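# Reading the structure
The residues making up each chain are set out below.
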Protein chains: 6
Amino acid sequence: MSEKVAVYRKENFNAAHRLFNPAWDFATNDKVFGKCNNPNYHGHNYELIVKLTGEIDADTGYVYDLKTLSDIIKENVIEKFDHKNLNEDTAEFKNLIPTAENIAVVIYNTLRAKISVKYTLQVRLYETAKNFVEYPA
Amino acid sequence: MSEKVAVYRKENFNAAHRLFNPAWDFATNDKVFGKCNNPNYHGHNYELIVKLTGEIDADTGYVYDLKTLSDIIKENVIEKFDHKNLNEDTAEFKNLIPTAENIAVVIYNTLRAKISVKYTLQVRLYETAKNFVEYPA
Amino acid sequence: MSEKVAVYRKENFNAAHRLFNPAWDFATNDKVFGKCNNPNYHGHNYELIVKLTGEIDADTGYVYDLKTLSDIIKENVIEKFDHKNLNEDTAEFKNLIPTAENIAVVIYNTLRAKISVKYTLQVRLYETAKNFVEYPA
Amino acid sequence: MSEKVAVYRKENFNAAHRLFNPAWDFATNDKVFGKCNNPNYHGHNYELIVKLTGEIDADTGYVYDLKTLSDIIKENVIEKFDHKNLNEDTAEFKNLIPTAENIAVVIYNTLRAKISVKYTLQVRLYETAKNFVEYPA
Amino acid sequence: MSEKVAVYRKENFNAAHRLFNPAWDFATNDKVFGKCNNPNYHGHNYELIVKLTGEIDADTGYVYDLKTLSDIIKENVIEKFDHKNLNEDTAEFKNLIPTAENIAVVIYNTLRAKISVKYTLQVRLYETAKNFVEYPA
Amino acid sequence: MSEKVAVYRKENFNAAHRLFNPAWDFATNDKVFGKCNNPNYHGHNYELIVKLTGEIDADTGYVYDLKTLSDIIKENVIEKFDHKNLNEDTAEFKNLIPTAENIAVVIYNTLRAKISVKYTLQVRLYETAKNFVEYPA
């Protein structure tokens, strides 16, 4: 049983955001981002799925304790983003547009720094049930 | 077939909001509303289910054309709330706390004015998959 | 424990149908039923939820054996409608428009004849995740 | 706004159980409960939805703080049943068959004792996505 | 941030179809396709998920505007298949059996012709919640 | 059309299990497995998705008949695990901890022996909606 198994953990956070590029005027932002450019923000229930790939530990039968993975996600991602305004309340999106793509990359990089490199990581982020992203692809 | 049938239509909107009572100081709001009191707002993917009850029309087999119901909901509710900040962008919540309960009542009253009283209406609103409300109960 | 408990069983069937009133010309049907009036039919994955209300039997802890309820639904409803053209293949909709409302009433009447009147019945039928009906309301 | 609004909170627990009536021999239990009578138990991911009905508090916009409702459910229901063998580990089902119906009644009675009678309560319990119950009906 | 990100968009269509090979007699078709060979057709709520992989555009934070992707899917796929009889109403399945596999390949080829080759595409198609396909694998 | 298509089939089973390593004392098992180490077992509604990849057969339009795949899964996996205690009732987990990872590997190996090697297989197993695994990764 030396082949790889992937384990997945799902978590949630609810946040406000606004999509706009400060280098552009309002008309350009409006054309590119439409109603997502509302200056007063709108929001989403984000659903986050973290995939971690590795070998099964023969003693535990686990690739990775999903309770531990959940705790790492909660401490490093959910605490930071849940019930927050991504543009206003987080350092990560002061100078980065909080699109689902960028949020997924930020979450991946955050978790990558906390989990041994012997495990492969991938992040899937649902902004809505119809729009979602995955990184790395 | 004179008995009543209920028909349901589901729609969605994504919005930002903040829960706080302007008559209270921040500490009281924080105690009552916790992280929902974030001054910079947070947000949700709201899921709205409208229930309309009436008799089946023998000619159409419909209680009510759900395409028409969908159009009424979109024109009167979704257009007003989708990708908006409920506190800042809507007249309805200038002086009313945008809790799920109050949003459901506002949506019900809005639709009630647009649909013949021969039909009974009820609104269910999901703020998250775990928290939802229904009006009238 | 003499109060009532409701038990629910979910089943599925996939069927084709067309909505049109043979008493009307095509233009009128087109206006009323739109793309649902396609003469070559379209189809749905119908999801059926049957609610049965009664008292808990002290010996079994059941209101009604849900395996038995499932069998009754399968024999009397699913066998008849699954992978069928509701307009062409079923006696029930030879002279009745197969709207979700009418299908729900037909299913209710079918099951009502098979289950003791000491139990209350109600049928919910999802035509899609966004459009569904309930009878009796 | 003196009309009633219902608020709902969803929680989960995972448990093992066995359905059998100790007053019956194995053959009778096998006939009535089939594979649910496995002496070594089987299990489910139970999904619990608690409905609480009351009036909106004008100061908070809440019928009932859903965080408080969640805490009450977790302390009184989830702690007791989650990752437990309902037959072996709980006082409630020492002499009561842990059918979904009986579990729902037990949960209702447990919560009823903890929440002011000015609120109406109802419990929905999913044993699987296809089998679920509601009390009171 | 030169690594690839995948973005996904979900759309729906409802259609009738029949599975049969005109080169075979009815008995052979019946043996191979069972109830899916009903000459009067049956139908499904198809759920389509399109995956597009590319690099994040630094100016927009998008890999690809999902509103644009949605419009392309709607104009080229949903308009053609929604509320249609796949066998009778579409050129694509005049001489091709409308299995989920073949529908997915047809949709992929349709979209591939409309979207720059700098993006990788993949199509997932749910015929029911229990049966679904993906192309290319 | 010589490229590969993946087809998926979803099935379910409900089972009890306990996570513990007999080589360890209770305290160590408790530390590693927490409430999953309950000696009286707990349980889950397992959701199993089997992915099979191959080429479309030009005569049938199928990669693989999903009814056949369903039958193979039911006969070899569901019959063995459904309404069972994985630790007590199955040979596979007499000496193997029934974690989701190990269950997925066992299911994969079981199905691999029943399906032609010209098809690639992969198994996804949901223990809960929040915890799931995939093999091979």
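Quick summary incoming for the structure in this document. Quick caveat, the model's predicted, so the values are computed rather than measured.

Within chain A, the regular secondary structure consists of 4 helices and 5 strands. Each helix (α) and strand (β) of chain A, taken in turn from the N terminus, gives the series β-α-β-α-β-α-α-β-β. For chain A, the spread of C-alpha atoms along the three principal axes comes to 60 × 25 × 25 Å. A total of 137 residues make up chain A; the buried ones form 61% of that total.

Another aspect to go through is the environment of Y64 of chain D. Following the sequence through the fold, Y64 of chain D ends up in the loop between β2 (42-55) and α2 (66-81). Sequence-wise, Y64 of chain D and V7 of chain D are 57 residues apart; in three dimensions their C-alpha atoms are separated by 7.5 Å. Sequence-distant contacts of Y64 of chain D, defined by excluding residues within four places in its chain, comprise E101 of chain B together with V7, L52, L69, I72, I115 and Y119 of chain D.

Here the focus is the interface of chain C and chain E. Contacts between the two partners involve 20 residues from chain C and, on the opposite side, 20 residues from chain E. With both chains or domains summed, chain C and chain E bury close to 1500 Å², and 46% of this area falls on carbon and sulfur atoms. Taken as a group, N40, N45 and H83 of chain C account for 36% of the area that chain C buries against chain E, more than any other trio of residues on that side. Summed over the shared surface of chain C and chain E, the result is 2 salt bridges. One salt bridge connects K35 of chain C with D82 of chain E, and the closest N-O pair in it is separated by 2.7 Å. Here chain C is connected to chain E by 19 residue pairs in polar contact (both at pLDDT 80 or more). Residue assignment for the side of chain C that touches chain E shows that the elements contributing at least two residues are β1 (4-17), β2 (42-55), β3 (84-85) and α3 (86-89) of chain C. Broken down by element, the side of chain C that touches chain E gets its largest block of residues, 4 residues, from β2 of chain C.

Attention shifts here to the packing of helix α2 (residues 66-81) of chain B against helix α4 (residues 100-112) of chain B. All names here are of chain B. Contact pair α2 / α4: the axes reach a minimum separation of 10 Å and the direction vectors enclose 140°. By crossing handedness, the relation of α2 to α4 is classed as right-handed. Within the contact between the two elements, α2 uses I72, I73, N76, V77, K80 and F81 and α4 uses V106, I107, T110 and L111. Taken together, the residues that form the contact of α2 with α4 break down as 7 nonpolar, 2 polar and 1 charged.

In this section: the relation of the copies chain C and chain E. Mapping chain C onto chain E is achieved by rotating through 180° and translating by 0.0 Å along the same axis, at an RMSD of 0.0 Å. Such a combination of rotation and displacement between the chain copies is what one expects of a two-fold axis. Comparing contact sets, 100% of the residues at the interface of chain C also lie at the interface in chain E, consistent with an isologous, same-surface contact.

The next subject is the relation of the copies chain B and chain D. Least-squares fitting of chain B to chain D yields an RMSD of 0.0 Å, with the transformation described by 0.0 Å of translation along the axis and a rotation of 120°. In symmetry terms, the pair is related by a three-fold rotation axis. The position closest to the rotation axis in chain B is occupied by the C-alpha of A137 of chain B, lying 8.3 Å away.

Once that is clear, we can look at the arrangement of the chains. Taking C-alpha atoms only, the smallest gap left between chain B and chain E, which are not in contact, amounts to 14 Å. Between chain B and chain F there is no contact; the minimum C-alpha to C-alpha separation amounts to 13 Å.

Below, the discussion takes up the interface of chain B and chain D. Each side of the interface is counted separately: chain B has 21 residues, and chain D has 23 residues. The contact between chain B and chain D buries some 1800 Å² in all, and 57% of this surface belongs to carbon and sulfur atoms. Considering only the side of chain B, the residues that lose the most area to chain D are E101, K130 and F132 of chain B, jointly responsible for 32% of the buried surface there. Counting across the interface, chain B meets chain D through 1 salt bridge.

Before going further, it helps to examine the packing of aromatic side chains. Two numbers describe a pair of aromatic rings. These are the distance of the centres and the angle of the planes. Residue and element names in this part refer to chain C. Counting across every chain of the model gives 54 aromatic pairs over all chains. Measuring from centroid to centroid gives 5.9 Å for F81 and F93, while their planes differ by 50°, and the two rings are tilted. Of this pair, F81 sits in helix α2 (residues 66-81) while F93 sits in the loop between α3 and α4 (100-112), and the two are 12 residues apart along the sequence. Residues F81 and F93 agree in their burial class; the two are buried.

Burial analysis of strand β5 (residues 131-135) of chain F places 5 of its 5 residues in the buried class, which makes it a mostly covered element. Residue alternation in β5 of chain F divides its side chains into two sets, N131, V133 and Y135 of chain F and F132 and E134 of chain F, and both sets are buried. Pairing of strand β1 (residues 4-17) of chain A with β5 of chain F involves 4 bridges; the strand directions are antiparallel. Bridge pairing links Y8 of chain A to F132 of chain F in β5 of chain F. As paired strands, strand β4 (residues 120-126) of chain F and β5 of chain F are joined by 4 bridges and run antiparallel to one another. Following the sheet pairing, L125 of chain F is matched in β5 of chain F by V133 of chain F. Hairpin connection, β4 of chain F to β5 of chain F: the antiparallel pair is bridged by 4 residues.

Attention now goes to unusual backbone geometry. With an omega dihedral of -10°, the bond running from Y135 of chain B to P136 of chain B counts as a cis peptide bond. Here the phi dihedral of H83 of chain A falls at roughly 60°; this positive angle occurs in a residue that is not glycine. Structurally, H83 of chain A can be placed in the loop between α2 (66-81) and β3 (84-85). Residue class for H83 of chain A comes out buried when judged on its relative accessible area of 7%. The phi torsion at Y41 of chain B lies on the positive side, around 75°, for a residue other than glycine. Turning to its location among the elements, Y41 of chain B is positioned in the loop between α1 (26-33) and β2 (42-55). We classify Y41 of chain B as buried; its relative accessible area is 12%.

Calculation rules
Residues numbered from 1 in each chain as written. Chains lettered and ligands numbered in written order. Predicted model: local features only at pLDDT ≥ 70, side-chain atom pairs only at ≥ 80, totals over all residues. Heavy atoms only, no water. Helix = DSSP H or I, 4+ residues; strand = E, 2+ residues; numbered from the N terminus. Buried < 20%, exposed > 50% of the residue type's maximum accessible area, 1.4 Å probe, protein only. Contact = heavy atoms within 4.5 Å. Buried area = accessible area lost by both parts, 1.4 Å probe. Salt bridge = Lys/Arg side-chain N within 4 Å of Asp/Glu carboxyl O. Polar contact = N/O pair within 3.5 Å; in protein donor to acceptor, adjacent residues only side chain to side chain. Axes fitted to C-alpha atoms, helices over the stretch in contact; angles between N-to-C directions. Left-handed = near helix turned anticlockwise from the far one by under 90°. Nonpolar A, V, L, I, M, F, W, Y, C, P; charged D, E, K, R; others polar. Least-squares fit on C-alpha atoms with pLDDT ≥ 70 in both. Phe/Tyr/Trp six-rings, centres within 6.5 Å; stacked < 30°, edge-to-face > 60°. Pairing = 2+ DSSP bridges.

Shape descriptors only; they carry no functional weight alone.
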